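One letter stands for each residue in the lines below.
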Amino acid sequence: MKHNEMMKSLGKEALEGMLRRMLEIRQFEEKIRFLFLEGKMPGTVHQYIGMEACAVGVCTALEEDDVIASTHRPHGHAIARGISMDSIMGELYGKTTGCCGGKGGSMHVGDLSKGMLPAIAIVGGNLPIVMGMGLAFKIRKEPRVAVSFFGDGASNEGAFHEALNMASVYGVPALFVCENNRYGASTSVKRVMRIEHVADRAAAYGMRGDRADGMDVLDVYAHAREAVSLARKGEGPTLLELETFRLCGHSRRDPNNYMTQEEKEHWQKRDPIPFFEKLLREGKYMTEKEIADLKEAVELSVVQAIESGQQSPEPDPEVLFEGLYVNMEVPR
Amino acid sequence: MRLGIAEALRKAIHGEMANDENVFCIGEDIGIPGGYGGAFTVTLGLEKDFRERIIDTPISEIGIFGAACGAALMGMRPIADVQYGDFLLCAMDQVVDQIAKLRYMSGGKLKMPVVMRAPVGVTGRGAQHAQCLEPYFMSCPGIKIVAPATAYDAMGLLRSAVRDDDPVLMFEHKLLYGSKGIRAESGTVDASSEIPEEDYTVPIGKGIVRREGEDVTIIASLLMMHFSLQAAEMLEGEGISCEVIDPRTLWPLDLDLILQSVRKTGRVMIVEESPKQGGVGAEIGVQVCEHIPDYLLAPVTRVAAPNTPAPFSPALEKLYVPQPERIADRVRAMMEEY
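Residues numbered from 1 in each chain as written. Chains lettered and ligands numbered in written order. Predicted model: local features only at pLDDT ≥ 70, side-chain atom pairs only at ≥ 80, totals over all residues. Heavy atoms only, no water.

## Some remarks on the overall build of chain A
Just so we agree on the cut-off: Secondary structure elements are defined from DSSP: runs of H or I of at least 4 residues count as helices, runs of E of at least 2 residues count as strands, and each element is numbered from the N terminus. Only the C-alpha atoms count toward the radius of gyration. The rule for a globule is 2.2 Å times the residue count to the power 0.38. Two residues qualify as a contact provided that any one of their heavy atoms is within 4.5 Å of a heavy atom in the partner residue. Accessible surface area values rest on a Shrake-Rupley calculation with a 1.4 Å probe, where residue burial reflects the displayed protein chains alone. Here Asp and Glu are counted as negative and Lys and Arg as positive; His is not counted, and neither are the chain ends. Note that the charge is assigned to NZ on lysines, CZ on arginines, CG on aspartates and CD on glutamates.
For chain A, the count of helices and strands is eleven helices and seven strands. In summary, chain A has a C-alpha radius of gyration of 19 Å against a globular reference of 20 Å for 332 residues, a match within 12%. With the principal axes as the frame, chain A shows a C-alpha extent of 50 × 50 × 40 Å. Sequence-distant contacts, at least 24 apart, represent 75% of the contacts inside chain A between residues at least 6 apart. A total of about 13600 Å² of accessible surface is found on chain A, and carbon and sulfur atoms cover 49% of it. Both charge centroids of chain A, one from 40 positive and one from 48 negative side chains, sit 3 Å from each other.

## Structural notes on the packing of aromatic side chains
Threshold: Only the six-membered ring of Trp is used, alongside the rings of Phe and Tyr, when aromatic pairs are assigned; centres must lie within 6.5 Å, and planes under 30 degrees apart are stacked while those over 60 apart are edge-to-face, with the rest tilted. Each residue is assigned to one of three classes by its accessible area relative to the maximum for its type, calculated with a 1.4 Å probe on protein chains only: buried under 20%, partly exposed between the two thresholds, exposed over 50%. We count a charge as sitting over a ring when the NZ of a lysine or the CZ of an arginine lies within 6 Å of the ring centre and within 35 degrees of the ring normal.
Under the counting rule described, the total for this entry stands at ten aromatic pairs over all chains. On the numbers, 5.2 Å between centres and 5° between planes, the contact of Phe245 of chain A with Trp267 of chain A is stacked. Here the residue Phe245 of chain A occupies a position in the loop between β7 (238-243) and α9 (261-269), and Trp267 of chain A occupies one in helix α9, the gap between them amounting to 22 residues. You'll find Phe245 of chain A and Trp267 of chain A in the same group, each marked buried. Put simply, the rings of Tyr183, Phe245, Tyr258 and Trp267 of chain A touch in pairs and so form one group of aromatic residues. Geometry around Tyr104 of chain B places Lys103 of chain A over its ring, the cationic atom sitting 4.1 Å from the centre. Across the ring face of Tyr36 of chain B, the terminal group of Arg183 of chain B is positioned such that the distance to the ring centre comes to 4.9 Å.

## Thoughts on the sheet that holds strand β9 (residues 208-211) of chain B
Residues and elements named next belong to chain B. Put simply, the rule is: One requirement defines pairing of two strands: DSSP has to find at least two bridges between them. The axes are straight lines fitted to the C-alpha atoms, using for helices just the contacting stretch, and the angles between their N-to-C directions are given from 0 to 180°.
In spatial order, the strands read β9-β11-β10-β13-β14; together these five strands make up an open sheet with mixed pairing. Strand pairing shows two members of the sheet lacking a second neighbour, β9 and β14 (301-305), which therefore form its edges. Taken over all neighbouring pairs, the strand axes of this sheet differ in orientation by 25° on average, direction set aside. Note: β9 against strand β11 (residues 242-246), three bridges, orientation antiparallel. Opposite Ile208, over in β11, you have Asp246 as the bridge partner. In the packing of helix α10 (residues 280-291) onto the sheet, contacts are made with β10 (216-220), β13 (268-275) and β14, and the angle to β13 comes to roughly 160°.

## Brief notes about the domain arrangement of chain B
Interfaces are often sized by the accessible area lost when the parts come together. Residue and element names in this part refer to chain B. The condition that has to hold: All the domain ranges listed were derived from an automatic or database domain assignment. A simple way to read buried area is as the amount of 1.4 Å-probe accessible surface that goes missing from two parts once joined, with both sides added. In what follows, salt bridge is the name for a side-chain nitrogen of Lys or Arg lying within 4 Å of a carboxyl oxygen of Asp or Glu.
We note that the domain assignment places domain 1 (2-194) and domain 2 (208-337) within chain B. Computed from C-alpha coordinates alone, the two centres of domain 1 and domain 2 are separated by 26 Å. The interface of domain 1 with domain 2 comprises 31 residues on the first partner and 25 residues on the second. Carbon and sulfur atoms supply 68% of the area buried between domain 1 and domain 2, which totals about 2200 Å² over both sides. Looking at the side of domain 1 facing domain 2, the largest losses of area belong to Val122, Met138 and Ala147, adding up to 28% of the total buried there. Here domain 1 and domain 2 share two salt bridges between them.

## Focus: helix α1 (residues 5-19) of chain B
Each α-helix winds once per 3.6 residues, and so residues spaced three or four apart point in a common direction. Residues and elements named next belong to chain B. Using the following cut-off: Expected span, for any helix, means 1.5 Å times one less than how many residues it has. Arc, as used here, means the arc of the directions from the helix axis to the C-beta atoms.
With 15 residues, α1 should cover 21 Å at 1.5 Å per step; its first-to-last C-alpha distance of 21 Å lies within 8% of that length. Residues of α1 that are buried: Ile5, Ala6, Ala8, Leu9, Ala12, Ile13, Glu16 and Met17. What you see down the axis of α1 is that its buried residues fit within an arc of 165°, all on one side.

## As for the packing of helix α4 (residues 85-92) of chain A against helix α11 (residues 288-311) of chain A
All names here are of chain A. Quick note on the threshold: The cut-offs work like this: below 35 degrees is roughly parallel, past 145 is roughly antiparallel, 65 to 115 is roughly perpendicular, and the gaps in between are oblique. Here a crossing is taken to be left-handed if its near helix is turned anticlockwise relative to the far helix by less than a right angle, and right-handed if that turn runs clockwise. The residue classification treats Ala, Val, Leu, Ile, Met, Phe, Trp, Tyr, Cys and Pro as nonpolar and Asp, Glu, Lys and Arg as charged. All others, Gly included, are polar.
At their nearest, the axes of α4 and α11 sit 8 Å apart, and the two run at 40° to each other. What the angle tells us is that α4 and α11 run oblique. The hand of the α4/α11 crossing is right-handed. Facing α4, whose interface residues are Met85, Asp86, Met89 and Gly90, α11 presents Ser301, Val302, Gln304, Ala305, Ile306, Ser308 and Gly309. By residue class, the composition of the contact of α4 with α11 is five nonpolar, five polar and one charged.

Rendered as structure tokens:
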């Protein structure tokens, strides 16, 4: 794929929007990392630092009424899908302003009215659901696409097998995006898989498999756009593998000592944000100054989201019993 | 019109699919031309009228319930079934973590109108096609559980379940279906009913007094309800008067109906086909104790399967499943002692 052509077809506004989302994810994750380490935030977090190009590239290829589903590492997907940082932060603090009213927490952020199912934190758990969403679109002949984000680890779950096989058998309009970040928690993918590429597993289901560079947002976008377009035209699902890396630990206090120094340095050099900034500068889509201004604006919005999260009210005790059943009280 | 449970469910599903194009069925072997309409003939022939909404699946229970979950989130009303209730265990993540919890986790924003159908009962097939799984799911907030013991209730509860915006799990008993042809079961108990023409429903959460009595309240579902009625019949000649309550819905329990009866009789026995440990009887029994301890003339009594898997040997199976004679014996003992 030629970056110049891709940037030309996207245009300045879209490109700036993509960079903004990537910066939002990075700053959001970096700031909450410190809040956690300082003990100022409840719960736990699984962060998306280094993987920003994956969520932003795929979400840029989607329409408003498409639906995505995420994992225990969902902040990046939520921001990329356009869910406000205030409501994501509210959810991390367990406050009423959270996108799930404080009932979900970090691992379940999402808002279906904005095109993202509350994230599914059981590894592999969202794949059968996404297949079902695609099945609904197919039965109703709606031109919508369902997208599952999952990791390399999920591709070893039984749910992966059942979901991909059924998605292929029914030809549902779905995209299965494997963010292969080389590690399932501390376990290297090499220890638990005898093949090089998760995308090769598509062949077992008679499904289209494809791979993209998960550190290059334009490459991700190009491959996602093609897969989404095929799905929307009724040509079935794709398993799209994005080669990426976590430039952070698995969860809040993980110093990732199981990664080698060379490996960390190699991927650090491939950080998707400086890479994209360079393309934008060289292509004359954004100046150094514009990028600096954007970073400042993003930082301000993240700081505001944190303040909003901290100052929002706690849920009322009665809320504990609300929102389980549609038409009945919780028996006590 | 007199129908068995399998026929009543088929008719109810047909009606719901005709009324609402968002209703669809998904399961294994449910609509294969020349096949048998699911393991117990419930969906037999429905594919002729609704080919695009009778979705035959691979043998993939995670996939079936995941598909139901995803489709329901998109506004459809799936009826997902397993051939044997035991296979629900293959799909526990989708049922318990996803279907039951997503609405709550979303802060009450999502709806999950999924109907799940699962045949239960210890029926000559050994331990893995036998379990009565009601207790597993009674400990799972977010799912309503119904268990129809008659064709009338099966039809009315199926309609209520499909029209309900929450997940409803329907347990059906293999010996009560009245399945015909090659899928007929030996040891079947007649659960057929006169079915009215009109579009009636049976509300979720409402039990029914199957037989009025003065001395003991027996609470039982599905096959055990029929066996309890047989026991009550035997005891009548001995001057022991049993009231038999069929909860019909196991969650939420119709506690008012149960307490009203126990206030009258002062004695309560819960009969269940699943092992006694952590069972339906434990839940109902404790609720009675918590609410009206002063009315109890006798300790709460449970008649249940032993705390073992179901055995195959027909001789052992008969010992395993509470039989009418055993229920009657326990009632006699209760009356003698208290």
